[in-house]
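# Fold and contact review
Spelled out, the chains give:
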Amino acid sequence: MKLKLCVAVLVLLFYACSPEVEQFVVNSGVEFTTLPITNTQIINQNNQYYYYFDSYYVGENSVIYYSKTPIVEVTSSVSLIDSDITIIDHGHYYDRDGINTNISNRTEFGSFTSSSSFTSTFDLSLLANPAYEDLIGVNIVPYIETNKGFILGDPIVVYYLSNPQYVGLSLANVNGNSFDRIDSRLSILYGEYGNYSELYPTSVSISEYGVVYNTSATPTINDSKQVVGTSITLSQSNTTPVENDVSINGLDDNKAYYIRPYAIDSDGKVYYGSEQTAATIIKKGWFLINDSYPGRSIDDEGISFYHEGKIYYGGGKYYNGVSYAHNDEFFQYDIATNEWRNMGSEPTGIGGFETFTIGDMAYVLVNYFNYSYPVMWAYNIQTNGWEQLVDPPFLIRDDFATFSSSSNGYVVGGQFDYNDYTSEVWRFNQASGSWTQLAQDYPDGAAIYLLASSNSEKAFVGYGQNTNSPNYNAIEFDFATETWGTTYYTSSMGNTNDGFLFAFEDQFIAGSNYQLQSYDLINDSWTGLNTDDNQPFNIEYYYVHDGAGYIINSNQQVYVYYP
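Each chain carries its own residue numbering, running from 1 in the direction its sequence is written. Where totals are concerned, whole chains, interfaces and linings use all residues; where local detail is concerned, this predicted model gives features only for residues with pLDDT of at least 70, and gives and counts side-chain atom pairs only at 80 or more. Excluding hydrogens and water, the side-chain figures rest on all heavy atoms present in the structure.

### Notes on the overall build of the protein chain
This is how the line gets drawn: Under the scheme used here, helices are H or I runs from DSSP no shorter than 4 residues and strands are E runs no shorter than 2 residues, and both carry numbers assigned from the N terminus. Only protein chains enter the area calculation, which uses a 1.4 Å probe; residues under 20% of their type maximum are buried, those over 50% are exposed, and those in between are partly exposed. The contact rule is simple, with two residues in contact once any of their heavy atoms fall within 4.5 Å.
Summing up its helical and strand segments, the protein chain has zero helices and 51 strands in all. Looking at the protein chain residue by residue over its 563 residues, the buried ones come to 49%. Of all intrachain contacts in the protein chain linking residues separated by at least 6 positions in sequence, the fraction that spans at least 24 positions is 54%.

### Looking at the sheet that holds strand β33 (residues 408–412)
Under the convention used in this document: Following DSSP output, two strands are said to pair if at least two bridges run between them. Interaxial angles span 0 to 180 degrees and are taken between N-to-C directions of axes, which are lines fitted to C-alpha atoms, for helices over the stretch in contact.
If you walk across this open sheet you meet the four strands as β32-β33-β36-β37, and the pairing is antiparallel. Strand pairing shows two members of the sheet lacking a second neighbour, β32 (401–404) and β37 (434–437), which therefore form its edges. Each adjacent strand pair in this sheet contributes to an overall mean axis angle of 20 degrees, direction not counted. Pairing of strand β36 (residues 425–429) with β37 involves four bridges; the strand directions are antiparallel. Of the residues in β37, the one forming a bridge with W426 is Q437.

### Quick word on the sheet that holds strand β23 (residues 310–314)
Overall, antiparallel pairing links the four strands, which are arranged β22-β23-β26-β27 in an open sheet. At either end of the open sheet lies a strand with only one pairing partner, and these are β22 (303–307) and β27 (339–345). Direction aside, the axes of adjacent strands within the sheet are offset by 20 degrees on average. Bridge analysis of strand β26 (residues 329–334) against β27 gives five bridges, and the strand direction is antiparallel. Its bridge partner being in β27, F331 is matched across the sheet by N342.

### Here's the deal with the side chain of Q556
Within the secondary structure, Q556 is located in the loop between β50 (548–553) and β51 (558–562). Of the residues examined, Q556 reaches a relative accessible area of 5% and is grouped as buried. Not counting chain neighbours up to four residues away, the residues in contact with Q556 comprise Y293, R296, S297, I298 and Y313.

### Considerations on the packing of aromatic side chains
Filter applied, for reference: Note on ring pairs: Phe, Tyr and Trp rings are taken, using the six-membered ring of Trp, and paired if centres are within 6.5 Å. Classes follow the plane angle, with under 30 degrees stacked, over 60 edge-to-face and the rest tilted. A ring is scored as having a charge over it whenever the NZ atom of a lysine or the CZ atom of an arginine sits within 6 Å of its centre and within 35 degrees of its normal.
This model, assessed by the stated rule, comprises 48 aromatic pairs. Seen from their ring centres, Y312 and F330 are 6.2 Å apart, and the 25 degrees between their planes marks the pair as stacked. Separated by 18 residues along the polypeptide, Y312 in strand β23 and F330 in strand β26 bring together distant segments of the chain. On the basis of relative accessible area, F330 is assigned to the buried category, the value being 0%. With a centroid separation of 6.2 Å and 50 degrees between ring planes, the pair formed by F356 and F428 is classed as tilted. Of the two residues, F356 is situated in strand β28 (residues 352–358) and F428 in strand β36; the sequence distance between them amounts to 72 residues. Looking at F428, the relative accessible area reads 3%, which means it is buried. Pairwise contacts between aromatic rings join Y293, Y313, F331, Y333, W340 and Y541 into one cluster. In this arrangement the basic side chain of R260 is found over the ring face of Y272, its NZ or CZ atom lying 3.9 Å from the centre. The ring of Y324 carries the charged tip of K317 above its face, separated from the ring centre by 4.7 Å.

### Quick word on the confidence of the model for the protein chain
Condition: A residue's pLDDT is the predictor's confidence in that residue, given on a scale from 0 to 100.
Residues of the protein chain with pLDDT of at least 70 account for 71%, and the chain-wide mean is 75. Counting interchain partners and residues more than four positions distant, the pLDDT-below-50 stretch residues 1–60 has 162 contacts. Here residues 174–178 scores under 50 on pLDDT; set against residues more than four positions off or in separate chains, the count is eleven contacts.

### Details of the pattern of salt bridges
For clarity, the threshold we go by: A carboxyl oxygen of Asp or Glu within 4 Å of a side-chain nitrogen of Lys or Arg is what we treat as a salt bridge.
Under the definition given, this model contains ten salt bridges. Ionic pairing is found between K310 and D334, a salt bridge with its closest N-O pair at 3.8 Å. Here D334 lies in strand β26 and K310 lies in strand β23, a separation of 24 residues in the sequence. Within this structure, D89, R106, E108 and E145 form a network of salt bridges that share partners.

### Let's talk about the layout of surface pockets
What counts here: Any residue with an atom within 4 Å of a point lines the site, the site being either a cavity, points on a 1 Å grid over the protein atoms alone where a 1.4 Å probe fits but cannot get out, or a pocket, an open set with protein on both sides within 12 Å along at least 5 of 7 lines. Grid points are joined across faces, edges and corners, and a volume is the space filled by probe spheres set on the points. As a working rule, the residues Ala, Val, Leu, Ile, Met, Phe, Trp, Tyr, Cys and Pro are called nonpolar, Asp, Glu, Lys and Arg charged, and the rest polar, with Gly in that last group.
What the largest pocket holds in volume is close to 1,400 Å³. Together, 49 residues line the largest pocket, and T355, T402, A452, Y542 and Y543 are the ones closest to its centre. Those elements giving two or more residues to the lining of the largest pocket turn out to be β22, β28, β32, β39 (451–454), β45 (500–503) and β49 (539–545). Its residues placed into classes, the lining of the largest pocket shows 22 nonpolar, 18 polar and nine charged. What the second largest pocket holds in volume is close to 470 Å³. Contributing to the lining of the second largest pocket are 19 residues, with D252, D253, I335, Y550 and Y562 lying nearest its centre. Here the residues of the lining of the second largest pocket are counted per class, giving ten nonpolar, four polar and five charged.

So this is what it looks like as structure tokens:
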């Protein structure tokens, strides 16, 4: 909708600076005579305020308008009586902070000979005044530019609320873990901006209201929500807030949630109240979270990797009652829903497997024992498609470690044959699809059963076993420089064939069947953690997700560890 402000203008101006300046009369004011003054379109209030437009004092001549639509048309007219005046230009000056003919914006309609009626269109939403946030105030003044200078007409000021909030929302009793009783309050707002109360309706129809919540800030109705009620009317005649108790169930443990009230009016406009935070029940230690793996029992190493909240698991071999056969089953475990999903078959065959992920691709290295080189497969997580790649250039090996950065995958250590260990480090670059042996080997020498885990900047690799002796060190690997750095020694680790390592941004946690150690990367200190009856044994795969560690053991059970 556009609002038309039709203007008929009459002002007498005299130049009296010197006798040589000829007196003339020009129509150059504004007088709104055909404007429909209704409560639903625009509200006219005369002589409410005083304004200074630079050197032009226009207080008692100004007319204040409140617009409910952002598009305003202002029409002015001017007639030339003195034939000695030459018109150079005419139009409207407009500015948020006052009119200055040197710097203010203006519309231009050019010259005329005797009279002109001209209309300027203003989109008030494009002229927002940061000082007032949602409230936009625009000064508009008709002008003519003559050979004797500028002549300004009477100004108007138009105010517009770009995002008026008709509904007030608030929460109470949200603290600690109290998500079972939240007091949600709903009320109508009016006159929030004082003299701008005419812009507010007398009632608002609400189609739905409740609370929204998420683990990230500023939740919306597109996130999780709890509907409290529907189909109510808020009225200025009844300003008592609508209060409701809200219960939110099914929230994750060990999480801080952001929560705020919302309401949707009958026009589909969404209102939100102030945000609050609360934490759910704090859990620490080990918890068995899934014991319902739908596939076969895998008797040898399979394929597993983590990507964006989901664990992929399958492959390997199983005993079919007569002999061992390739297990071609492949499943996805969704951590959020605690559910397994069948992803179809995988083609890799029987062998030893190691994996790493880069972006949306997982790479699987298969060690067929009668081959000289491992076989490499790529799995597209988005398309659920498999592709066999060119074999890596290094000799086949077993019991090596893998980890990855955002662009590269790495292979460290392993054994070619019994007691024939290696300390080699190889890098796979995803962009080029090529392998390169790094100049610097693993600093602790040839090793097998190494544990590896990475955060955004570094990997931590270690423990496991050197030739005939346990390895008690984990060593930091910097992705930016591809160099080995700090060594983290602990006598509690070593020979970690069934171990795990969780790398977080501020700490890493290493453990095996009976051990659990935490290293604080900020304060450079080890802490021995208490094991409990829930700590899993026979660990096969380990992952990090959202501040917690996850494990799949040889029984295909899924455990979570909250540090």
